[in-house]
Number of protein chains: 4
Amino acid sequence: MNPPTFEPRNPDFEARVRESFARQAAMHTLGATLAVVKPGQVEITLPWSEPLTQQHGFLHAGMVATALDSACGYAGFSLMASDAAVLTIVFKINLLAPAQGQSFRMVGTVIKPGRTVTVCEGHAYAIDGGREKLVATMGCTLMAVVGRDNIQG
Amino acid sequence: MNPPTFEPRNPDFEARVRESFARQAAMHTLGATLAVVKPGQVEITLPWSEPLTQQHGFLHAGMVATALDSACGYAGFSLMASDAAVLTIVFKINLLAPAQGQSFRMVGTVIKPGRTVTVCEGHAYAIDGGREKLVATMGCTLMAVVGRDNIQG
Amino acid sequence: MNPPTFEPRNPDFEARVRESFARQAAMHTLGATLAVVKPGQVEITLPWSEPLTQQHGFLHAGMVATALDSACGYAGFSLMASDAAVLTIVFKINLLAPAQGQSFRMVGTVIKPGRTVTVCEGHAYAIDGGREKLVATMGCTLMAVVGRDNIQG
Amino acid sequence: MNPPTFEPRNPDFEARVRESFARQAAMHTLGATLAVVKPGQVEITLPWSEPLTQQHGFLHAGMVATALDSACGYAGFSLMASDAAVLTIVFKINLLAPAQGQSFRMVGTVIKPGRTVTVCEGHAYAIDGGREKLVATMGCTLMAVVGRDNIQG
């Protein structure tokens with residue numbers, strides 16, 4: 001999985017991603033921050049936090065999915081035209097191991113960009129005692145939405 | 001989608017589900033409550049809440065997934081033996097429409113119970129101005145886990 | 001799962017579906033026939049056949065997927081405009097039980113039609129000794145393609 | 001995506017995979033051959049063939065899925081104990097581009113092996129005029145089945 005080498009259509013892609021991310025209240029709730037924004041690849045980090053856990057004390061699968069979906073969504077968004085908004089159509093997540101650790105790194109990568117439909121992959125890593133472990137993988141299909149007043153950015 | 005007619009292995013299934021749900025901190029974060037617990041079917045409700053939203057003000061897809069995953073997980077758990085814990089292996093979510101509304105109803109239903117692997121379907125409904133609309137569907141595959149000390153209930 | 005009540009955009013939808021199905025060589029290979037074509041719902045039947053089996057003598061999961069994907073694809077196609085072609089973007093299949101039986105009934109149903117993206121569900125039933133059993137479920141996301149010369153119907 | 005470095009539990013893994021593959025009638029129907037069998041990775045090749053096509057002359061998505069599912073299944077099987085059979089529980093396939101070409105290379109790779117549940121990834125490449133192109137990706141979840149008389153190998 002080398003870093004993708006995509007040409008962004010919008011030179012301001014990083015500012016657009018950061019501005020939209022800042023408006024995602026769910027990312028504040030997760031304590032998530034944008035670590036990396038490259039054309040076609042976005043990395044989000046978050047600490048373990050009790051309000052995000054399931055009954056065994058691991059990060060809830062849905063919270064892992066929330067961060068991964070945003071990582072994938074913004075990876076796709078980074079390659080979209082400046083008048084497009086991004087919506088997830090469908091995603092699938094494989095939970096390979098309990099999301100156990102002190103912090104988490106969520107990487108979203110574009111596999112195939114498209115004018116309308118973009119396909120991404122996400123990888124969730126738990127950092128536990130200084131060691132990183134792959135705990136989930138996501139496949140995520142996005143749609144670029146243009147010209148809907150209530151859906152911008 | 002008629003209500004399933006499954007025979008629970010554990011007559012105390014409802015108490016077990018409610019006790020485990022109460023330990024899911026993520027459900028408190030969502031403001032979610034357990035509305036219905038039947039053998040093989042569980043319904044969770046939650047209000048719209050700003051901390052759960054994405055950049056357009058809709059519920060974040062991952063938050064919809066979090067509630068649906070719990071609904072599916074507990075639907076499966078309701079049919080499991082009393083010494084089993086439940087973990088999600090994989091889920092897929094179709095986002096059919098923006099999760100826009102005052103409150104949300106998440107229904108998880110067992111399609112096929114199994115000793116090790118259980119398959120569920122989830123349906124997410126948004127209630128907006130008194131009208132209910134299907135906004136997401138989930139397919140969710142669960143595993144019953146027995147004999148792991150750190151994974152109970 | 002009641003039959004959907006969708007209004008076709010194209011009154012000739014059935015002829016279009018049947019004509020396109022006849023051009024799918026893969027359906028001949030499967031011995032598949034079009035049993036039902038309604039707006040938003042298509043049913044395909046096929047007999048068990050040795051060349052379609054996996055190592056245990058059951059229908060290969062991929063062959064079940066082939067028939068279900070066509071059922072879903074044509075269910076979506078039945079609601080599309082007359083200048084649109086249909087392509088599957090992504091599908092997921094749950095294999096609930098071995099595909100064991102004398103014949104198979106594959107039902108594709110539109111869940112949410114859309115101008116660009118359509119979401120369908122598929123259900124595969126095995127008929128074994130006169131009894132019908134659900135053996136697989138599919139979620140299938142389609143795209144309407146317009147204006148590409150090499151992709152028609 | 002480096003080749004996986006897994007330790008097979010069964011030193012005869014390659015013979016077991018080849019013997020089981022030979023019993024998959026569906027692979028004969030596809031004209032598929034086993035190109036590579038390593039611990040945790042299997043590669044299947046097949047030529048384009050008219051009986052496998054959809055209405056636009058591309059390989060039918062289900063036929064791509066059939067070959068990829070076998071590649072993933074045998075990748076998982078290569079790491080299983082000698083008394084285990086393999087069944088696919090669920091797979092998801094992203095169709096990134098039309099399956100257009102003279103031949104196809106299907107690579108299945110284990111992401112996470114497990115005693116009961118194994119997770120694999122599949123990548124389908126079309127070879128068209130000497131150039132290779134990624135046309136589909138699969139996520140595939142397998143179950144090891146032990147002790148069922150009608151399911152061996």
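See the structure shown above.
Residues numbered from 1 in each chain as written. Chains lettered and ligands numbered in written order. Predicted model: local features only at pLDDT ≥ 70, side-chain atom pairs only at ≥ 80, totals over all residues. Heavy atoms only, no water.

S.K.: Requested: an account of the interface of chain A and chain D, with residues and values cited.
M.R.: At the interface, 13 residues of chain A touch 13 residues of chain D. In total, about 1000 Å² of surface goes out of reach between chain A and chain D, with carbon and sulfur atoms giving 58% of it. Seen at the junction of chain A and chain D, the total is zero salt bridges. Secondary-structure elements contributing two or more residues to the side of chain A that touches chain D are β3 (84-95), β4 (103-112), β5 (117-128) and β6 (131-146) of chain A. (Contact = heavy atoms within 4.5 Å. Buried area = accessible area lost by both parts, 1.4 Å probe. Salt bridge = Lys/Arg side-chain N within 4 Å of Asp/Glu carboxyl O. Helix = DSSP H or I, 4+ residues; strand = E, 2+ residues; numbered from the N terminus.)

S.K.: Go over the packing of helix α3 (residues 61-77) of chain A against helix α3 (residues 61-77) of chain B, please, and point to the residues and values.
M.R.: Following both chains from N to C, one finds α3(A) and α3(B) inclined at 160°, their axes separated by 8 Å at the closest point. Between α3(A) and α3(B), the interaxial angle falls into the category roughly antiparallel. The interaxial crossing formed by α3(A) with α3(B) has right-handed handedness. On α3(B), the residues that touch A:Ala61, A:Gly62, A:Met63, A:Thr66 and A:Asp69 of α3(A) are B:Ala61, B:Gly62, B:Met63, B:Thr66 and B:Asp69. (Axes fitted to C-alpha atoms, helices over the stretch in contact; angles between N-to-C directions. Parallel < 35°, antiparallel > 145°, perpendicular 65-115°, else oblique. Left-handed = near helix turned anticlockwise from the far one by under 90°.)

S.K.: Mind laying out the sheet that holds strand β6 (residues 131-146) of chain B, listing which residues take part and the relevant values?
M.R.: The strand order across the open sheet built from twelve strands is β1(A)-β2(A)-β4(A)-β5(A)-β6(A)-β3(A)-β3(B)-β6(B)-β5(B)-β4(B)-β2(B)-β1(B), with neighbouring strands paired in antiparallel fashion. Two strands bound the open sheet, and with one partner strand each, they are β1 (33-38) of chain A together with β1 (33-38) of chain B. Going across the sheet, the axis of each strand differs from the next one's by a mean of 25°, ignoring polarity. In terms of strand pairing, β3(A) meets strand β3 (residues 84-95) of chain B through five bridges, oriented antiparallel. Each residue of the ladder has a partner; that of A:Ile93, found in β3(B), is B:Phe91. Packed on one face of the sheet, helix α1 (residues 13-22) of chain A meets β1, β2 (41-47) and β3 of chain A and runs near 155° to β1(A). (Pairing = 2+ DSSP bridges.)

S.K.: Could you give an account of the relation of the copies chain A and chain B, with specific residues and numbers?
M.R.: Between chain A and chain B, which share one sequence, the superposing operator has a rotation angle of 180° and an axial displacement of 0.0 Å; the RMSD is 0.0 Å. Those values place the two copies in the arrangement expected of a two-fold rotation axis. Within chain A, the C-alpha atom positioned nearest to the axis of rotation is that of A:Lys92, 2.0 Å from it. Taken as a fraction of all interface residues of chain A, those also at the interface in chain B reach 100%, which identifies the copy contact as same-surface. (Least-squares fit on C-alpha atoms with pLDDT ≥ 70 in both.)

S.K.: Give me the side chain of D:Thr53: which residues, what numbers.
M.R.: Examined against the element boundaries, D:Thr53 turns out to sit in the loop between β2 (41-47) and α3 (61-77). With a relative accessible area of 3%, D:Thr53 lands in the buried category. Beyond its immediate chain neighbours, meaning those up to four positions away, D:Thr53 contacts C:Gln24, C:Ala25, C:Ala26, D:Trp48, D:Phe58, D:Leu59 and D:His60. (Buried < 20%, exposed > 50% of the residue type's maximum accessible area, 1.4 Å probe, protein only.)

S.K.: Run through the relation of the copies chain A and chain D, naming residues and quoting values.
M.R.: Mapping chain A onto chain D leaves a residual RMSD of 0.0 Å; the transformation is a rotation of 180° accompanied by 0.0 Å of translation along its axis. Interface overlap between copies is the fraction of interface residues in one copy that are interface residues in the other; for chain A against chain D it reaches 100%, indicating a shared surface.

S.K.: Summarise the side chain of D:Asn94; cite the residues concerned and give the values.
M.R.: Topologically, D:Asn94 is positioned in strand β3 (residues 84-95). Apart from residues lying up to four places away in sequence, D:Asn94 is in contact with A:Val119, A:Thr141, C:Ile89, C:Val90, D:Val135, D:Ala136 and D:Thr137.

S.K.: Before we move on, could you go through the pairing of β2(D) and cite the residues and values that matter?
M.R.: All names here are of chain D. In terms of burial, β2 is largely enclosed, as five of its seven residues are buried. In this sheet, β2 lies alongside strand β1 (residues 33-38) in antiparallel orientation, the contact comprising five bridges. Within β2, the residue paired with Leu-34 across the bridge is Ile-44. Turn length for the β1-β2 hairpin, with the two strands adjacent in sequence and antiparallel, is two residues, and the turn residue Gly-40 shows positive phi of about 85°. By the bridge criterion, seven bridges tie β2 to strand β4 (residues 103-112) in an arrangement that is antiparallel.

S.K.: Explain the sheet that holds strand β2 (residues 41-47) of chain C to me, using residue names and the numbers behind them.
M.R.: Pairing is antiparallel across the open sheet formed by twelve strands, whose spatial order is β1(C)-β2(C)-β4(C)-β5(C)-β6(C)-β3(C)-β3(D)-β6(D)-β5(D)-β4(D)-β2(D)-β1(D). Each end of this open sheet is capped by a strand with a single partner; those strands are β1 (33-38) of chain C together with β1 of chain D. Across the sheet, the mean angle from the axis of one strand to that of its neighbour is 25°, orientation sign disregarded. Both strand β5 (residues 117-128) of chain D and strand β6 (residues 131-146) of chain D contribute to a ladder of twelve bridges, which runs antiparallel. Each bridged residue has a counterpart across the sheet, and for D:Ala124 the counterpart in β6(D) is D:Ala136. Helix α1 (residues 13-22) of chain C rests against β1, β2 and β3 (84-95) of chain C of the sheet, and its axis sits at about 155° to β1(C).

Keep in mind these numbers describe shape, not what the thing actually does.
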